[in-house]
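# Overview (structure and organization)
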Amino acid sequence: MSSIKDYLKLWPESNHAGITALFSDIAITQDTDNLPSKKFDLEKTIVVAKDIPVRALLRLLGSGYRHIVQENRSDLGYALLTTGMILKKPSLFFANPIQLLFNSAGATAEEKAETKTHQIEWAPTDSKEARFEEIMTFLSARPKLKNYRPIILTLLDEMIANALDSRLQNPKCRLQVTLSPSRLSFACFDQHPTFPQEAMRARLKQLAAQPKFEVRPGERGAGLGIPMMINQCTNFYLTHQTGVGSLTVAAIDLRLPLRELEVTPRNVHLFSV
Amino acid sequence: MGQFVKSFKMLDLTADIAISGAIDEHFQFEPVPETIRTISVQLEQIEYISSFGVKLWVNWIASLPRDATLILKMAKPMTIANINAVEGFILPKTIVESVIVPFTTDDGEEIVDVILENGSHYSAGGKLNLPTITAASGEAMVPDFIPERLFKFLKA
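Rules behind the numbers
Residues numbered from 1 in each chain as written. Chains lettered and ligands numbered in written order. Predicted model: local features only at pLDDT ≥ 70, side-chain atom pairs only at ≥ 80, totals over all residues. Heavy atoms only, no water. Helix = DSSP H or I, 4+ residues; strand = E, 2+ residues; numbered from the N terminus. Contact = heavy atoms within 4.5 Å. Expected span 1.5 Å × (residues − 1). Buried < 20%, exposed > 50% of the residue type's maximum accessible area, 1.4 Å probe, protein only. Arc of directions from axis to C-beta. Pairing = 2+ DSSP bridges. Right-handed = clockwise from strand over helix to strand, strands pointing away. Salt bridge = Lys/Arg side-chain N within 4 Å of Asp/Glu carboxyl O. Axes fitted to C-alpha atoms, helices over the stretch in contact; angles between N-to-C directions. Buried area = accessible area lost by both parts, 1.4 Å probe. Polar contact = N/O pair within 3.5 Å; in protein donor to acceptor, adjacent residues only side chain to side chain.

With that settled, consider the environment of B:Glu87. Here B:Glu87 is to be found in the loop between helix H2 (77-85) and strand E5 (94-96). Setting aside chain neighbours within four positions, we find B:Glu87 in contact with A:Lys212, A:Phe213, A:Glu214 and B:Val58.

Next up, the structure:
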């Protein structure tokens, strides 16, 4: 078992006391040999993994772990700090995820000034194509993002499909697109009062065990939305507050070329508020 | 909205299909006659494939004549990713005739799409022979994808 002391070198010494206090009741375990111990409180445990593939992430999520970050990424300190802050004040993340992510990244005043946000209140009657084009037009401020179009549209489709699930009587969602110099983030808030977390984890565990992903039979979707979303981004958060709704956040590190984005280990978080 | 455009040549027992746009929950695949032996699918104009679209695609593949040959043309990385990751995404006899992949300068500022062809640039067993691509500036361009990952299906 690790502790935050093993990672303090990631921050200036002046921050050590505050970070140690933040992590006072948070466990950190390493995913060594893909067999993390289950003796921890899963709600308050961060798994630090080292370049594990998406399938192994699904296995850990299916086993009940909530927060998985990757040791070999250059932003491990950011990931640990963000997760610590989420664990300390999950309601703050739920209320304003992008602000929390910015604050833990220590975004400079210049970066904040160059950050643009676009928000959509999305109803099921909205034209998906029209809304997608609205978002791509907003993102055209960064010409490089033209090459990310399939990634972006896949992410958006998955988020919106989950948010506007027709089982709700009057589904609505709010989508926030944030473009900063280093990151593109999507945050989707919906109004589903409940969240089938156990069924979802069971499905992820099932997928992790399949040599190739098998689509779920029956009338509903393929059951591949979460791995597909994880595959399109570098940081993935899915959380829920009973009676209020769900929040899905996907962030893409724009400092990476597409080929590195493809193989960069993912940080993933699946938890309840 | 995505489109499925088909043309059947019953004498040759071939089907030519072009798929374009978004393959999502609204996409409508169409059946192929049981007698068809070769199904060519042009994929260049696909925008993206959602998870529901993957399901529809897998169901369509399952409806095709089992011993037909599926020829995929101008497949993009997102389609190849599904071939590599999803059970039932292709027929047992499938040829990926060509792919379109990005090459980029080192700084990522210039990206070009390059067509790679089966037999010339890749072949069964995973053998790769990627072309040399040069930017307008004269700089050598590199694949903006991981060849061994993308062409994993060649080793299946």
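More follows now that the structure is in view.
Residue and element names in this part refer to chain A. With 13 residues, helix H9 (residues 197-209) ought to run about 18 Å at 1.5 Å a step, and its terminal C-alpha atoms sit 19 Å apart, in line with that. Those residues of H9 that fall on the buried side of the exposure criterion are Gln-197, Met-200, Arg-201, Arg-203, Leu-204, Leu-207 and Ala-208. Buried residues of H9, seen end-on, are gathered within an arc of 160° and therefore sit on one face of the element. What points out from H9, more than 90 degrees from its buried face, is the exposed set Glu-198, Ala-199 and Ala-209. In this structure, the buried side of H9 is in contact with helix H2 (54-62), helix H10 (225-232), strand E7 (235-241) and strand E9 (267-272).

Bringing the pairing of strand E3 (residues 38-49) of chain B into the picture now. Residues and elements named next belong to chain B. As defined by bridge partners, strand E2 (residues 14-23) adjoins E3 across nine bridges and the pair is classed as parallel. For Gly-21, the partnering residue across the bridge sits in E3 and is Ile-46. In the sheet, E3 pairs with strand E4 (residues 69-73) via five bridges, with the strands oriented parallel. Looking at E4, one finds that Gln-42 is bridged to Lys-73. You can see the chain leave E3, run along helix H1 (residues 51-63) and come back into E4, and the turn it takes is right-handed.

Using the criterion set out here, one finds 20 salt bridges over all chains in the structure. Linking A:Arg131 and A:Asp126 is a salt bridge whose minimum nitrogen-to-oxygen distance equals 3.0 Å. Accessibility expressed as a relative area gives 23% for A:Asp126, which makes it partly exposed. Here A:Arg149 and B:Glu47 are joined by a salt bridge, their closest N and O atoms 2.6 Å apart. Here A:Arg149, found in helix H8 (residues 149-163), pairs with B:Glu47, found in strand E3, and the two come from separate chains. Residue A:Arg149 is classed as partly exposed on the basis of its relative accessible area, which comes to 23%. Beyond isolated ion pairs, a larger network of salt bridges with shared partners links A:Lys128, A:Asp157, B:Asp24 and B:Glu25.

What follows concerns the sheet that holds strand E1 (residues 3-9) of chain B. Residues and elements named next belong to chain B. Read across the sheet, five strands follow the order E1-E2-E3-E4-E5 without closing on themselves; strand pairing throughout is mixed. Either end of the sheet is taken by a strand with one partner, and the two such strands are E1 and E5. Each strand of the sheet is rotated relative to its neighbour by a mean of 15°, with strand direction disregarded. Relative to E5, E4 runs parallel, the two being bridged by three bridges. By the bridge assignment, Leu-70 is partnered in E5 with Thr-94. The strands that H1 touches are E1, E2, E3 and E4; relative to E3, the one it contacts most, it runs at about 175°.

This next bit is on unusual backbone geometry. Positive phi is not limited to glycine here, since A:Asp51 has a value of about 60°. Within the secondary structure, A:Asp51 sits in the loop between strand E2 (45-49) and H2. At B:Leu13, a position not held by glycine, the phi torsion is positive, near 60°. The topology assignment puts B:Leu13 in the loop between E1 and E2.

This brings us to the interface of chain B and chain A. In this assembly, 27 residues from chain B lie in contact with 29 residues from chain A. Contact with chain A buries surface across chain B, with B:Tyr48, B:Ser51 and B:Lys55 losing the most and accounting together for 26% of the total. Taken together, chain B and chain A are joined by six salt bridges. Across the salt bridge formed by A:Arg259 and B:Asp106, the nearest N and O atoms sit 4.0 Å from each other. At the junction of chain B and chain A, the tally comes to 16 residue pairs in polar contact (both at pLDDT 80 or more). If you list the elements that add at least two residues to the side of chain B that touches chain A, you get E3, H1, H2 and strand E11 (140-143) of chain B. Looking at the side of chain B that touches chain A element by element, the count peaks at five residues for H1(B).

The values are spatial; any link to function lies outside them.
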